[in-house]
Amino acid sequence: MTQQVRRAYRYRFYPTGEQAAELSRTFGCVRLVYNKALEERTRAWYGQQRRISYVESSAMLTQWKKTEELAFLTEVSSVPLQQVLRHLQSAFANFFARRAQYPRFKSKKKSRASAEYTRSAFTWRDGKLTLAKMTEPLDIRWSRPLPDGVEPTTATVSRDAAGRWFVSLLCADTVAPAPATTAAVGIDAGITSLVTLSTGEKITNPRHERRDRARLARAQRALSRKEKGSANRAKARVRVARIHARITDRRRDFLHKLTTRLVRENQTVVIEDLTVRNLLKNGKLARAISDASWTELRSMLEYKCAWYGRDLVVIDRFFPSSKLCGACGTVAAKLPLNVRTWTCDCGATHDRDINAARNILAAGLAASACGDGVRPQRESSRTGQSSAKQEPQRATAGTPLP
């Protein structure tokens, strides 16, 4: 059965000088409105223990536009300014529900420059997108077509640190489930091998950051020598950002291809609930873990399984997947990270990663058969417990998500 999903299509575009200036003004106004609204909400919350609603924030925005100091807010489209207030409302809702930390102010240098336009603020005609306050459509590079007969409901324009411009078009798309199959796979995430499958296959970690590390280091050294505030420093900063963008693009492309393959070939995918935030506290492995991008891998598996009718089972983070003997069920007392092959007392010899992947699959299938544990509880990542894969304390599988 097909299902309706909201799907974003991201394209690169090349604005004219006039369009770039208009969008840059809009980005600045969006950041200003967000920060001022956050300041007012913070003052009300900590000073009066009072919550300010979106309606009150919108009324404040109207008053700000009438002042001489902030009259320039009327020069840009009002829709991105209203949208950023809605995003701030969602951020506070997540904070009060203890799903996120307190919202932070947007920095001009570090925050992502973006603006969101709803249907009332852009024109979509003959496959061309024209934003509010603009007379010409955006020069978009259509790397892939939009679905037939589908029009975007939201357009989000952004500029990354490398100076590249992107537009993300949110559309209501119809997704057909993938052909049914009986195959199931357990996945053990790692560093040397990005993932090890229960079939015995090991997929090597491309290590995209390491491949460009020398080039990145040279660019960063050159940046550090430039005088702050100079034009040469700005150029050097862009060079560093382009290297980071190259690494990010290649990593994302690899993960998309890998996760699409896993979802197409298997009806059930079983993974571990790893708390990457805690694992990054290991100073020796933090850089390699960040480059592996396990969080993005899991995120892709989640939405692709939901789209294509697959089952994603996530077992408890404390399940002893590496230490558990797949032959007799004995849990080894110690198994240091440098031990890649080990022999159980029963005589069975195991490849550490393959054994872990097979144990993950067995635990996931057992949990799924019992109706226990599809999609784990993410809030548990804030408990502060260690989540190292090799140091489990209990062997229960399947932590349910509320």
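Reading guide: rules and limits
- Residues numbered from 1 in each chain as written.
- Predicted model: local features only at pLDDT ≥ 70, side-chain atom pairs only at ≥ 80, totals over all residues.
- Heavy atoms only, no water.
- Pairing = 2+ DSSP bridges.
- Helix = DSSP H or I, 4+ residues; strand = E, 2+ residues; numbered from the N terminus.
- Axes fitted to C-alpha atoms, helices over the stretch in contact; angles between N-to-C directions.
- Domains from an automatic or database assignment.
- Contact = heavy atoms within 4.5 Å.
- Buried area = accessible area lost by both parts, 1.4 Å probe.
- Salt bridge = Lys/Arg side-chain N within 4 Å of Asp/Glu carboxyl O.
- Polar contact = N/O pair within 3.5 Å; in protein donor to acceptor, adjacent residues only side chain to side chain.
- Nonpolar A, V, L, I, M, F, W, Y, C, P; charged D, E, K, R; others polar.
- Phe/Tyr/Trp six-rings, centres within 6.5 Å; stacked < 30°, edge-to-face > 60°.
- Lys NZ or Arg CZ within 6 Å of the ring centre and 35° of its normal.

With an unreviewed UniProt entry as reference, the protein is termed Transposase, source organism Streptomyces carminius.

This next bit is on the sheet that holds strand E12 (residues 311-315). With respect to topology, 5 strands assemble into an open sheet ordered E10-E9-E8-E11-E12, the strand pairing being mixed. Each edge of the sheet is formed by a strand with only one pairing partner; in this case those strands are strand E10 (202-204) and E12. Looking at each pair of strands side by side, their axes are set apart by 20° on average, direction ignored. Of the pairings in the sheet, the one linking strand E8 (residues 184-189) to strand E9 (residues 193-197) comprises 3 bridges and is antiparallel in character. Residue pairing for E9: Asp188 is matched across the bridge by Thr196.

With that settled, consider the domain arrangement of the protein. According to the domain assignment, the protein consists of domain 1 (3-175) and domain 2 (184-370). For domain 1 and domain 2, the distance between their C-alpha centres works out to 32 Å. Counting residues at the interface gives 9 residues for domain 1, matched by 10 residues for domain 2. For the pairing of domain 1 and domain 2, the buried interface totals around 750 Å² over both sides, and the portion due to carbon and sulfur atoms is 50%. One salt bridge connects Asp249 with Arg164, and the closest N-O pair in it is separated by 2.9 Å. The interface formed by domain 1 and domain 2 includes 4 residue pairs in polar contact (both at pLDDT 80 or more). Considering each element in turn, the side of domain 1 that touches domain 2 owes the most residues, 5 residues, to strand E1 (residues 3-13). Residue composition of the side of domain 1 that touches domain 2, by class: 4 nonpolar, 1 polar and 4 charged.

Okay, the packing of aromatic side chains next. Inspection of every chain in the model, using the stated rule, returns 12 aromatic pairs. On the basis of an interplanar angle of 90° and a centroid distance of 5.3 Å, the ring pair of Phe92 and Tyr102 is categorised as edge-to-face. You can see Phe92 sitting in helix H3 (residues 78-96) and its partner Tyr102 sitting in the loop between H3 and strand E2 (113-118), a full 10 residues away along the chain. Of the aromatic side chains, those joined through ring pairs into one cluster are Trp45, Tyr46, Phe92, Phe95, Phe96 and Tyr102. The aromatic ring of Trp64 is capped on one face by Lys36, whose charged end is 5.2 Å from the ring centroid. The ring of Phe96 is capped by Arg51, whose NZ or CZ atom sits 3.7 Å from the centre of that ring.

Checked against the element boundaries, Ser158 lands in strand E6 (residues 154-159). One polar contact links Ser158 to Arg112, side chain to side chain, over a distance of 3.5 Å. Non-local contacts of Ser158, meaning those with residues more than four positions away in its chain, are made with Phe27, Arg112, Ala113, Ser114, Arg164, Trp165 and Phe166.

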